[in-house]
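# Overview (structure and organization)
The residues making up each chain are set out below.
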Amino acid sequence: MLISFIKIGIRNLIKNKVYSFINILGLAVGLAGCILIGLFVEDEMSYDKFHENSENIYRLALERIYPTHSTYYAITPHSFGDVLGEELPEVEQVVRLFNFVNPVVIRYENEHGEELAMEEKHVLLADSNFFKVFTIPLLKGDRETVMRGANKLVMTESTAKRYFGDADPINKILVTGAGEFTVSGVCRDLPENSHFKFDIIGSLNTLDFFNNMNYTGFSAYQYLVLNEGADPDLLEEKLPEIVKKYAGPQIQENLSISYEEYIAAGNGYNYFLQPLTSIHLHSQLENEMQVNGNIAIVYTFISISLFILIIACINFMNLA
């Protein structure tokens, strides 16, 4: 019976070639469009989910209140990274990132002994626990020690090959404006669905600036790893007291007014947490590391996909 139906269907297709071609082509184009849009949506929704502990990682962000307006920032004062783990038992780890806005000129000696220079656009500095917080496989080096100490850096696999070819990059010296760095590790290239990118990442404490106390100036991206089951909303409620405790004395020292007077004048700091996996589609703050996506665009494409599918099905049934 099934074979008979198949034979009859094939005869009808051959008998009505033009009609069959238009009918099948319309449905195929509609389905292909839906599949392509679905792949785009899936990619946009997958950002940063490749990190093993992504559901417990949050970025510290700030609404800075000025007397006449408010501005939202993705970067925050770096010294809070030193105290949040001590003040908040819910915080398991804090890792800070510094992004070089301008390209960094790097000088090095290649495998032929020639001194060369390259301009790198994607260079970060990070705390020593970076590779313990973010799931980026190391090909060379130990994740416990690869970023420990000053003047160390890790290169991505493609960057190491670009600099040194097939030669072992470990212990090679790279010279930058911030001094000499020793290559201590090589990691996999970051997936495209990551809200931050780097080709080279070095030790944050190489720069003396990050050893200075700073609770008011915007300087670093800070990521908090919360304990399993910790409530980020309850943690956010504790942040104002911590800000008052640490930023207050610095404000008084710099401006010669109390923290209360500073707030009464229309200033303020409202810190909040952003889930790591929501940053790409839901965050449009000042000083983002790169241009993020937009959840509204994703919803628009989903609507277009459904519309195309409905039209293709209606067209198919009308022709049939």
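Summarised in this report is the structure supplied together with it.

## Some words on the pairing of strand β1 (residues 57-65)
Extensive coverage of β1 is indicated by the burial of eight of its nine residues. Here β1 pairs with strand β12 (residues 221-226) via four bridges, running antiparallel. Residue pairing across strands places L60 opposite Q222, the latter belonging to β12. Judged from the eight bridges that link them, β1 and strand β13 (residues 268-275) form a sheet pairing that is antiparallel. Bridging from a neighbouring strand, L62 pairs with Y271 of β13. Judged from the four bridges that link them, β1 and strand β2 (residues 70-73) form a sheet pairing that is antiparallel. Its bridge partner lying in β2, R64 is registered against T71. Counting the residues in the hairpin turn of β1 and β2 gives four residues.

## So, the side chain of N267
Tracing the chain through its elements places N267 in the loop between α7 (259-264) and β13. Accessibility expressed as a relative area gives 14% for N267, which makes it buried. Side-chain polar atoms of N267 contact the backbone oxygen of Y262, separated by 3.1 Å. Dropping the residues within four chain positions of it, N267 is found in contact with R64, I65, Y66, P67 and Y262.

## So, the environment of E236
As for its position among the elements, E236 is in helix α6 (residues 232-255). Discounting residues that sit within four places of it in the chain, E236 has contacts with F272 and L273.

## A closer look at helix α3 (residues 80-87)
Of the positions making up α3, those classed as buried are F80, G81, V83 and L84. Down the axis of α3, the buried side of the element spans an arc of 165°, and every buried residue falls inside it. In this structure, the buried side of α3 is in contact with β1, β3 (91-99), β12, α6 and β13.

## A short note on the packing of aromatic side chains
Any two aromatic rings considered together are summarised by their centre-to-centre distance and by the angle between their planes. Within this structure, the stated rule accounts for 21 aromatic pairs. When the ring of F134 is compared with that of Y223, the centres are 5.4 Å apart and the planes differ by 85°; the resulting orientation is edge-to-face. On the criterion of sequence distance, the pair formed by F134 in the loop between α4 (130-133) and β7 (138-140) and Y223 in strand β12 is long-range, its members being 89 residues apart. Y223 shares its class with F134; the two are buried. When the centroid spacing of 6.2 Å and the interplanar angle of 20° are considered together, the rings of Y262 and Y269 count as stacked. The pair Y262 / Y269 is uniform in exposure class, with both members buried. An aromatic cluster is present here, built from F80, Y215, Y246, Y262, Y269 and Y271 joined pairwise through their rings. When the ring centre of Y66 is taken as origin, the NZ or CZ atom of R64, which lies over that ring, is 4.3 Å away. The positively charged end of R64 is found above the aromatic ring belonging to Y269, 4.8 Å away from the centroid.

## Structural notes on the packing of α3 against α6
α6 packs onto α3 with a crossing angle of 125° between their chain directions and a minimal axis gap of 12 Å. With respect to α6, the axis of α3 lies oblique. Once α3 is placed against α6, the crossing between them reads as right-handed. Between α3 and α6, the contacting residues are F80, V83, L84 and E87 on the first element and L239, I242, V243, K245 and Y246 on the second. When its residues are assigned to classes, the contact of α3 with α6 shows seven nonpolar, no polar and two charged.

Cut-off values and rules
Residues numbered from 1 in each chain as written. Predicted model: local features only at pLDDT ≥ 70, side-chain atom pairs only at ≥ 80, totals over all residues. Heavy atoms only, no water. Buried < 20%, exposed > 50% of the residue type's maximum accessible area, 1.4 Å probe, protein only. Helix = DSSP H or I, 4+ residues; strand = E, 2+ residues; numbered from the N terminus. Pairing = 2+ DSSP bridges. Polar contact = N/O pair within 3.5 Å; in protein donor to acceptor, adjacent residues only side chain to side chain. Contact = heavy atoms within 4.5 Å. Arc of directions from axis to C-beta. Phe/Tyr/Trp six-rings, centres within 6.5 Å; stacked < 30°, edge-to-face > 60°. Lys NZ or Arg CZ within 6 Å of the ring centre and 35° of its normal. Axes fitted to C-alpha atoms, helices over the stretch in contact; angles between N-to-C directions. Parallel < 35°, antiparallel > 145°, perpendicular 65-115°, else oblique. Left-handed = near helix turned anticlockwise from the far one by under 90°. Nonpolar A, V, L, I, M, F, W, Y, C, P; charged D, E, K, R; others polar.

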